[in-house]
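Structure at a glance
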Amino acid sequence: MKKIAVLTSGGDAPGMNVAIRAIVRSAIHYGMEAYGVQDGFKGLSENDIFPLTRKHVTRIINRGGTILGSARYPEFKEEKTQLIAVENLKKRDIEGLIVIGGDGSFRGAQALSKLGIRTIGLPATIDNDIASTDYSIGFFTALDTAVESIDKLRDTSFSHQRCSVVEVMGRHCGDLGLYAGIAVGSEFIVTPETGFDKSKTIAEVKKSFDRNKRHAIVVVTENMTDVHQLAKDIEKATTHETRATVLGHVQRGGTPQAFDRVLATEMAERAVYLLSKSLGDKVIGLNRKDLEEFSFEEALSMKRETPSKRYGLVGQLKN
Ligand code: F6P
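The structure presented is a predicted model; accordingly, all values stated were derived computationally and were not measured.

Every residue close to the ligand is listed here: Arg72, Ile126, Asp127, Met169, Gly170, Arg171, Glu222, His249 and Arg252. Contact distances for the ligand include 2.6 Å between an oxygen atom and a side-chain N or O atom of Glu222. Contacts to the ligand include His249, whose side-chain N or O atom sits 2.9 Å from an oxygen atom. In the complex, the protein chains occlude 74% of the 400 Å² of accessible area that the ligand would expose alone. Comparing atom positions with the cavity grids shows the ligand to sit within the largest pocket. Classifying every residue of the shell around the ligand by side-chain character gives two nonpolar, two polar and five charged. Structurally, the shell around the ligand is a two-domain feature, drawing no fewer than three residues from each of domain 1 (3–138 + 256–301) and domain 2 (142–249).

Looking now at helix α5 (residues 139–159). An ideal rise of 1.5 Å per residue puts 30 Å on 21 residues; α5 measures up with 31 Å between its terminal C-alpha atoms. Residues Phe139, Phe140, Thr141, Ala142, Leu143, Thr145, Ala146, Val147, Ile150, Leu153 and Ser157 constitute the buried set of α5. Taken together, the buried residues of α5 touch β6 (163–168), α6 (175–184), β8 (216–221), β9 (242–246) and α9 (258–276). Positioned one or two residues after α5, Gln161 has a phi angle of 50 degrees, which is positive.

A separate point is the sheet that holds strand β11 (residues 290–294). If you trace the seven strands from one edge of the open sheet to the other, you get β3-β2-β1-β4-β5-β10-β11, paired in mixed fashion. Because the sheet does not close on itself, it has two edges, and the strands there are β3 (49–52) and β11. Mean inter-strand twist for the sheet, computed between neighbouring axes without regard to direction, equals 30 degrees. Sheet analysis places strand β1 (residues 3–8) next to strand β2 (residues 33–37), joined by four bridges and oriented parallel. Following the sheet pairing, Ala5 is matched in β2 by Tyr35. Taken strand by strand, α9 contacts β1, β4 (96–101), β5 (118–123), β10 (282–287) and β11, and its axis lies near 145 degrees from that of β10.

What counts and how
Residues numbered from 1 in each chain as written. Predicted model: local features only at pLDDT ≥ 70, side-chain atom pairs only at ≥ 80, totals over all residues. Heavy atoms only, no water. Near = heavy atom within 4 Å. Polar contact = N/O pair within 3.5 Å; in protein donor to acceptor, adjacent residues only side chain to side chain. Areas by Shrake-Rupley, 256 points an atom, 1.4 Å probe, with all protein chains shown as cover. 1 Å grid on protein atoms, 1.4 Å probe; cavity = no way out; pocket = protein on both sides within 12 Å on 5 of 7 lines; lining within 4 Å. Sits in = over half its atoms within 2 Å of the grid points. Nonpolar A, V, L, I, M, F, W, Y, C, P; charged D, E, K, R; others polar. Domains from an automatic or database assignment. Helix = DSSP H or I, 4+ residues; strand = E, 2+ residues; numbered from the N terminus. Expected span 1.5 Å × (residues − 1). Buried < 20%, exposed > 50% of the residue type's maximum accessible area, 1.4 Å probe, protein only. Contact = heavy atoms within 4.5 Å. Pairing = 2+ DSSP bridges. Axes fitted to C-alpha atoms, helices over the stretch in contact; angles between N-to-C directions.

Structure representation (structure tokens):
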């Protein structure tokens with residue numbers, strides 16, 4: 001294989017640039033030319049593809065976001081759009097493609113794989129919701145951002161003897177909420193895995209204030225409940241002032257932290273290596289310290305395990 005392309009797709013994640021950099025440099029190492037696709041599958045079907053050189057990827061190892069741009073592009077579910085994308089790659093003699101993104105992006109990648117393009121998926125999402133890898137690129141940076149923000153909220157919450165209700169991202173996965181909850185020593189967490197029980201949440205906060213704590217922190221995964229209403233309900237039931245904060249998209253930005261950089265670099269190198277051997281239809285995962293490969297079908301049909309011991313920790317340590 002002489003020419004490969006890379007695209008980033010779905011919600012951006014810190015570390016995507018690190019992966020792009022490692023792909024370009026590994027391609028040079030394995031004697032291949034790298035191409036970049038602008039704005040994910042949209043650019044692929046609109047023929048927005050250009051050569052990526054070493055120069056494009058200097059000084060991006062510490063940059064958040066993605067230099068290639070990303071997009072959610074539901075039109076790519078249609079076969080006619082996929083065929084146009086294949087044509088755009090073929091007319092440049094590009095035989096291999098690396099898709100950096102989450103499960104949704106892997107479905108697009110799988111379609112291209114079935115149409116004869118050797119395609120590799122690199123898991124990158126702050127949600128850490130991809131079953132075929134313990135950790136996805138971007139998760140730990142987003143977690144650090146959430147923890148840093150909640151630590152700041154704790155300062156003011158402590159000063160005013162308040163409760164802080166903090167909403168974190170995660171879509172249908174509670175990992176950001178769970179890990180952040182443990183890292184900040186929150187009173188209670190609400191995630192898709194725990195479900196939402198208003199009375200239980202209020203009772204836990206009350207218990208905490210009854211033990212003479214000056215402040216309380218409740219971490220809630222997005223879409224679980226209206227955090228502003230929950231704050232009002234907690235305030236009414238506990239008589240402690242309560243404020244809600246939605247961390248939102250700040251969690252997606254920022255300099256990738258060290259582990260995300262190492263993960264992105266190792267996964268990217270493996271992807272290019274596989275393409276150099278003319279192998280495709282693979283998703284790279286990191287499981288128990290080792291990189292592994294799965295077919296798109298295997299990866300997309302896996303179920304995520306709930307880290308139940310970690311959930312246990314949140315309840316156990318608040319006494
Ligand atoms: O998948 C990453 C993510 O940030 C989720 O946590 C969140 O639900 C979603 O993307 C937000 O998407 P958008 O940027 O399109 O609003």
